[in-house]
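Per-entry structural report
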Amino acid sequence: MLANFLLKYWKIFLAVGILLAVGGLFIPNIIASKVVEFTGFAILALTAYVLGYKMATDEAEKYIKSEMEKLAKRDIRYKIASEKMIKNLKGRIG
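For the structure given in this document, a descriptive report is provided here. (Residues numbered from 1 in each chain as written. Predicted model: local features only at pLDDT ≥ 70, side-chain atom pairs only at ≥ 80, totals over all residues. Heavy atoms only, no water.)

On to the packing of aromatic side chains. When we look at a pair of aromatic rings, we describe it by the centre distance and by the angle of the planes. This structure, assessed with the given rule, holds two aromatic pairs. With a centroid separation of 5.7 Å and 75° between ring planes, the pair formed by Phe5 and Phe13 is classed as edge-to-face. Each residue in the set Phe5, Tyr9 and Phe13 is aromatic and connected to the rest through ring pairs, giving one cluster. (Phe/Tyr/Trp six-rings, centres within 6.5 Å; stacked < 30°, edge-to-face > 60°.)

Secondary-structure assignment places Glu37 in helix 3 (residues 30-72). In this structure, Glu37 is buried with no salt-bridge partner, the nearest side chain bearing the opposite charge being Lys34 at 4.1 Å. Sequence-distant contacts of Glu37, that is, excluding residues within four places in its chain, are made with Leu20, Ala21, Gly24 and Leu25. (Helix = DSSP H or I, 4+ residues; strand = E, 2+ residues; numbered from the N terminus. Buried < 20%, exposed > 50% of the residue type's maximum accessible area, 1.4 Å probe, protein only. Lys, Arg positive; Asp, Glu negative; His and termini not counted. Salt bridge = Lys/Arg side-chain N within 4 Å of Asp/Glu carboxyl O. Contact = heavy atoms within 4.5 Å.)

In structure tokens form, the structure reads like this:
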């Protein structure tokens, strides 16, 4: 659920993370600046992780499709199997 929300609004979270990470450097209170800075880096890390996972699943989906299409030319069972694998792969993120 959080991953879907992040994928939908990733640009906003990226901007907020950058603003917090950089903005924490300009706060005169040491404790508050560290909290704001680390919160910004945490948001950036979480956004990067979700985007990386999404890109990896997209690449895996393309690879599965291309390999299974090669095999599907020989046998229809491979086409059905590839559709099931892609459905399961998409079910994990979306």
